[in-house]
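Observations on the three-dimensional arrangement
Listed below, chain by chain, are the residues.
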Protein chains: 2
Amino acid sequence: MSAASQARRRLDGDRLEILAFERGTATSYSACGIPYYIGGDVGDPDALITRTPEVFRRDHDIDVRTRHEVTEIDLDRGAVRVRDLERAAERWESYDRLMIATGAVPTRPDLPGSDAEGIHGVQVLDDGLAIRRDLDRAKPRTAVVVGGGYIGLEMAEALVKAGLEVSLVDGAPQPMRTLDPDMGELVAGALRGVGVALYLGEQAEGFETSGGRVIAVRTSERVLPADVVILGLGVRPNSGLAEAAGVEIGSTGGIVTDRRMRTRAEGVWAAGDCVQTRHLVSGEPVAIALGTHANKQGRVAGINLGGGYATFPGVVGTAVSKICKVEVARTGLNEREAAAAGFDSFSVVVESTTRAGYYPGTTSMKTKLIAERRSGRLLGAQIVGEENAAKRIDGLAIALWNGMTVEQMTALDLGYAPPFSPVWDPILIAARKATEQAERDAG
Amino acid sequence: MSAASQARRRLDGDRLEILAFERGTATSYSACGIPYYIGGDVGDPDALITRTPEVFRRDHDIDVRTRHEVTEIDLDRGAVRVRDLERAAERWESYDRLMIATGAVPTRPDLPGSDAEGIHGVQVLDDGLAIRRDLDRAKPRTAVVVGGGYIGLEMAEALVKAGLEVSLVDGAPQPMRTLDPDMGELVAGALRGVGVALYLGEQAEGFETSGGRVIAVRTSERVLPADVVILGLGVRPNSGLAEAAGVEIGSTGGIVTDRRMRTRAEGVWAAGDCVQTRHLVSGEPVAIALGTHANKQGRVAGINLGGGYATFPGVVGTAVSKICKVEVARTGLNEREAAAAGFDSFSVVVESTTRAGYYPGTTSMKTKLIAERRSGRLLGAQIVGEENAAKRIDGLAIALWNGMTVEQMTALDLGYAPPFSPVWDPILIAARKATEQAERDAG
């Protein structure tokens, strides 16, 4: 819908007719908001909807057809086969330009019992509504979250807030694998602190059911009672439709586009969770499902599709999350990713306050920098702290984006006043320590 | 003391003897914390002291002599004349290397009555103690703050918190002249909101006294009752001692140094509020008195003085402040400064939320970008908002530091999660609007 809106801004209805097909009932909503709806921070699920199909039709002259699923693309004919899910009818619809925004599909484990009632994914808004309905009706007492990524952790917290006894299972030795283990351990501590039982380093192997409903999760180590189960196992690009049509798919499973979001097929564009993009630090293709990338790519695709010029050069892997009182942020490559990309790297971790030490409400935070040996170039950063910690990642992401070295970063002119920062900003302290470390290594 | 500590880290006592002379009684304290001590947020003034002279002596082997004033520098002899203020004795002390860190002197108006009791500057820690003592003893009911810069506004708020009736006088038509008028007006509104009476566009012309104590401030328009007066008229580099010795002084009145903080005199270094530095956007010399610059410059001077290598390339003019509930931030050039530096610029202002619109505790903020016409290069930015607004200036300062254009900024990979940002971060929204504006201008 971002692409459609941008194209419409450039070309009016006389010059461009826009049809949009959506399998579900909603357009333009915040899937990231689902945990806050489940946890009760957001009372009305409608608050998560940015623009309804009606608004697109009325204000943007975009013919949005919900409950319509595109089942086939014919590139040669320039047409898509569309199934009207309400009427169970199908027809071919022709196009001059095609925009593919099929998003992601959640990883669902192929395990015994995984289609039982009470087992929920968290991907589309309807999933959020289904979970809420299930909590209200089935009144579950225990919940198991399978998967310790962002959405898994946010859902674990939300279920604690909703009054459930929550366990979390993850095959890795720490939650949030996008962080290094030392930083991930701080997140684990925060989860334990609000009462989430963590079962790390063990795999979910199946679900026990009774009367068609889940009653327990079987892991490699134990059986965990579960009145409700949340699957937070990540997603992969939903690129099957494009692939079947012969649109080029990359090594990540995402649709390949150029920086203007053009696929390799003439007149076909793609954006969002279904595409792969470039990681600007590793140089490798990546598929990162995040609303912020999807929105930007959609805007770029729409501008170009409408005859303008805009580019999406790639990502640096920035992500933030709040787990209980703990704010978590990361950008760039972590140590494992840096090694995989062939970088010889070193790391420093500094502990600091978020405000001047004497200022009321100051809390502590840890900042980690990963830098390339010899060049001192910043490769990645991670922050774990309390209030006012996580969004500081933006400065690090922009430094990374511009290829700064840790030594250059020691001179950065960052905002200082007691309510906002110690006189040496945490970023500066970390950059100093990394510079000193590099100097010791060199000499 | 930053310079002394850094030099000591590189050269031990056998290789470098370090003497430090300080006219006052304290070293290494947060002058920026004074308003929070006056307003009651910080109960104990000792909390503002980072390291006492004793700590420097004991842990760093630095011979700190407080209440010792250097009254003359003899570059030819390599010696300074030092006055022991306690014993009223003088002697010459020779040096191999000299570090000048004489700070700033407050601008004091040469107005009738300006030496009356109850009129205070806010520069050194002793000023803060004197104000607090005066409030406790004289129990003033009304206060007038002269000067609407950062310290003036922070002191106005502090005095309101301390229970006084506060007026603020400034010759400019808006407080906080480092912001553009449209953004400054929002700050004026916040001050009025907590009951500060603003008298803008009028000059303080004198003080009325009774029994040696101030009782009123006479402005160009009226007489304002004042049991206590705070002068917040800014500072200028305290470079007289250096100038008298023949050390080169720049057009701003600050000592001229290179990027390693070496003055033009052999073996003489300088850092802090007494030097001038380069504004990396305008390219012009500037003297900006800020603890964060002073600390960085001191560190750089000390590393170089100790035989290492470090540089301070300049500043981009970043500043943040909190006035009541309003957070204020700026970086780079404002519209007036951009014009003065010869830039043809344009501006955009966007209003956004600080978090996802549906997330509890979201507030609104305004972000202004100033960019060069044609190139689209970012020249400056200003933010006025509530909680979680101001520190976002860091990202803009780093973008500015790296010479990014507003179009490049639209692609930045900034942290997104509902507790921290709308899906389009305010910086991205502003960059988009500026890019669209530039496109319209071009075509």
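Residues numbered from 1 in each chain as written. Chains lettered and ligands numbered in written order. Predicted model: local features only at pLDDT ≥ 70, side-chain atom pairs only at ≥ 80, totals over all residues. Heavy atoms only, no water.

**Some points on the overall build of chain A**
- Across its full length, chain A carries 12 helices and 24 strands.
- Seen along its three principal axes, the alpha-carbon backbone of chain A occupies a region of about 70 × 55 × 40 Å.
- Residues counted as buried form 55% of the 443 residues belonging to chain A.
- If you sum the accessible surface of chain A, you get close to 17,900 Å²; carbon and sulfur atoms cover 45% of it. (Helix = DSSP H or I, 4+ residues; strand = E, 2+ residues; numbered from the N terminus. Buried < 20%, exposed > 50% of the residue type's maximum accessible area, 1.4 Å probe, protein only. Areas by Shrake-Rupley, 256 points an atom, 1.4 Å probe, with all protein chains shown as cover.)

**Thoughts on the environment of B:Ala265**
Residue and element names in this part refer to chain B.
- By secondary structure assignment, the location of Ala265 is in the loop between helix H7 (240-245) and strand S17 (268-270).
- Overall, the relative accessible area of 15% leaves Ala265 in the buried class.
- If sequence neighbours within four positions are ignored, Ala265 has contacts with Leu75 and Val247. (Contact = heavy atoms within 4.5 Å.)

**Points about the nonpolar core**
- Counting 82 residues, the largest nonpolar core has A:Leu369, A:Met409, B:Leu369 and B:Met409 as the members making the most contacts within it.
- Those residues in contact with B:Met409 that sit more than four places away from it in its chain are B:Leu378, B:Leu396, B:Ala399, B:Met404, B:Ile427, B:Leu428 and B:Ala431. (Core = buried A, V, L, I, M, F, W, Y, C linked by side-chain atoms within 4.5 Å.)

**Side note on helix H12 (residues 426-442) of chain B**
Residues and elements named next belong to chain B.
- Between the first and last C-alpha of H12 there are 24 Å, a value that for 17 residues agrees with the 24 Å anticipated at 1.5 Å per step.
- Every buried residue of H12 is accounted for by Pro426, Ile427, Leu428, Ala430, Ala431, Arg432, Ala434, Thr435 and Glu436.
- Between the side-chain oxygen at the start of H12 and the backbone nitrogen of Ile427 there is a gap of 2.9 Å, and the oxygen is on Asp425. (Expected span 1.5 Å × (residues − 1). Polar contact = N/O pair within 3.5 Å; in protein donor to acceptor, adjacent residues only side chain to side chain.)

**A closer look at unusual backbone geometry**
All names here are of chain A.
- Residues other than glycine seldom take positive phi values, yet Ala88 does so here, at roughly 55°.
- Counting through the fold element by element, Ala88 comes out in the loop between strand S4 (79-84) and strand S5 (89-94).
- Positive phi, normally seen in glycine, also occurs at Met176, with a value near 55°.
- Mapped onto the elements of the fold, Met176 is located in the loop between strand S10 (165-170) and helix H6 (181-193).
- Met176 gets classed as buried once you look at its relative accessible area, which sits at 1%.

**Observations regarding the domain arrangement of chain A**
All names here are of chain A.
- Once the domains are mapped, chain A shows domain 1 (2-24 + 67-103 + 236-305), domain 2 (108-233) and domain 3 (319-442).
- A C-alpha centroid distance of 36 Å is found between domain 1 and domain 3.
- Between domain 1 and domain 3, the contact holds four residues from the first and eight residues from the second.
- Carbon and sulfur atoms supply 77% of the area that domain 1 and domain 3 bury against each other, a total of about 480 Å² over both sides. (Domains from an automatic or database assignment. Buried area = accessible area lost by both parts, 1.4 Å probe.)

**A look at the relation of the copies chain B and chain A**
- After a rotation of 180° and a shift along the axis of 0.0 Å, chain B superposes on chain A with an RMSD of 0.0 Å. Both copies are brought into coincidence by an operation consistent with a two-fold rotation axis. In terms of proximity to the rotation axis, the leading residue of chain B is B:Gly395, whose C-alpha is 2.2 Å off the axis.
- When the interface residues of chain B are mapped onto chain A, 100% of them again lie at the interface, so the same face is used by both copies. (Least-squares fit on C-alpha atoms with pLDDT ≥ 70 in both.)

**Focus on the sheet that holds strand S14 (residues 223-225) of chain A**
All names here are of chain A.
- Ordered by their spatial adjacency, three strands build an open sheet running S12-S13-S14, and the pairing between neighbours is antiparallel. Across the chains shown, the open sheet's two edge strands, defined by having one partner strand only, are strand S12 (204-210) and S14. Between one strand axis and the next, the sheet turns through 30° on average, direction left out of account.
- Judged from the three bridges that link them, strand S13 (residues 213-219) and S14 form a sheet pairing that is antiparallel. Pairing of Arg218 across the sheet is with Val223, part of S14. (Pairing = 2+ DSSP bridges. Axes fitted to C-alpha atoms, helices over the stretch in contact; angles between N-to-C directions.)

**Description of the interface of chain B and chain A**
- Facing 63 residues of chain B, the contacting portion of chain A comprises 63 residues.
- Here chain B and chain A share an interface that buries about 5,700 Å² over both sides, 60% of which is from carbon and sulfur atoms.
- Ranking the residues of chain B by area buried against chain A places B:Tyr358, B:Asp413 and B:Phe420 at the top, with a combined share of 14%.
- Applying the counting criterion to the chain B and chain A interface returns six salt bridges.
- The shortest N-O distance in the salt bridge between A:Glu439 and B:Arg10 comes to 3.0 Å.
- Between chain B and chain A we count 22 residue pairs in polar contact (both at pLDDT 80 or more) in total.
- Going through the elements one at a time, helix H1 (2-10), helix H8 (291-305), strand S20 (319-323), helix H10 (393-401) and H12 of chain B are the ones with two or more residues in the side of chain B that touches chain A.
- Class assignment for the residues of the side of chain B that touches chain A results in 30 nonpolar, 16 polar and 17 charged. (Salt bridge = Lys/Arg side-chain N within 4 Å of Asp/Glu carboxyl O. Nonpolar A, V, L, I, M, F, W, Y, C, P; charged D, E, K, R; others polar.)

**Some thoughts on the packing of helix H1 (residues 2-10) of chain A against helix H8 (residues 291-305) of chain A**
Residues and elements named next belong to chain A.
- For the pair H1 and H8, the least separation of the axes is 7 Å and the interaxial angle reads 30°. Judged by the inter-axis angle, H1 sits roughly parallel to H8. Note on packing geometry: the crossing formed by H1 with H8 is right-handed. Along its contact with H1, which presents Ser2, Ala3, Gln6, Ala7 and Arg10, the element H8 presents Asn295, Gly298, Arg299, Ala301, Gly302, Ile303 and Leu305. (Parallel < 35°, antiparallel > 145°, perpendicular 65-115°, else oblique. Left-handed = near helix turned anticlockwise from the far one by under 90°.)

**Considering the side chain of A:Ser114**
Residue and element names in this part refer to chain A.
- When you line up the elements, Ser114 lands in the loop between strand S7 (104-106) and strand S8 (119-121).
- Judged by relative accessible area, Ser114 falls into the buried class, the value being 15%.
- Residue contacts for Ser114: discarding those within four places in its chain leaves Arg108, Pro109, Ile119 and Phe207.

**Observations concerning the sheet that holds strand S20 (residues 319-323) of chain A**
Residues and elements named next belong to chain A.
- The five strands are arranged S20-S21-S24-S23-S22 in an open sheet whose pairing can be described as antiparallel. Strand pairing shows two members of the sheet lacking a second neighbour, S20 and strand S22 (345-353), which therefore form its edges. For this sheet, the mean inter-axis angle between neighbouring strands, taken without regard to orientation, is 10°.
- Relative to strand S24 (residues 378-385), strand S21 (residues 326-332) runs antiparallel, the two sharing six bridges. If you follow Glu327 over to S24, its bridge partner there is Gly385.
- With respect to the sheet, helix H5 (residues 150-161) is in contact with S20 and S21, its orientation differing from that of S20 by roughly 20°.

**A short note on the pattern of salt bridges**
- One pass over the structure, following the stated rule, counts 72 salt bridges over all chains.
- In this structure, A:Arg65 engages A:Asp63 in a salt bridge whose closest nitrogen and oxygen atoms are separated by 2.9 Å.
- By relative accessible area, which is 22% here, A:Arg65 ends up partly exposed.
- Taking relative accessible area as the criterion, A:Asp63 reaches 29% and is therefore assigned partly exposed.
- Here B:Arg392 and B:Asp425 are joined by a salt bridge, their closest N and O atoms 3.3 Å apart. In this pair, B:Arg392 sits in the loop between strand S24 (378-385) and H10 while B:Asp425 sits in the loop between helix H11 (406-409) and H12, placing the two residues 33 residues apart along the sequence.

**Digging into the packing of aromatic side chains**
- This structure, assessed with the given rule, holds two aromatic pairs over all chains.
- Arranged with centres 5.1 Å apart and planes meeting at 80°, the rings of A:Tyr36 and B:Tyr359 form a pair that is edge-to-face. Here B:Tyr359 lies in the loop between strand S22 (345-353) and strand S23 (364-372) and A:Tyr36 lies in helix H2 (residues 34-38), a pairing that spans two chains.
- Classification of A:Tyr36 by relative accessible area gives buried; the value is 7%.
- Take B:Tyr359: its relative accessible area is 9%, and that puts it in the buried class.
- Against the face of B:Trp92 rests B:Arg77, its NZ or CZ located 4.4 Å from the ring centre.
- Over the face of the ring belonging to B:Trp424 we find B:Arg432, whose NZ or CZ atom lies 4.3 Å from the ring centre. (Phe/Tyr/Trp six-rings, centres within 6.5 Å; stacked < 30°, edge-to-face > 60°. Lys NZ or Arg CZ within 6 Å of the ring centre and 35° of its normal.)

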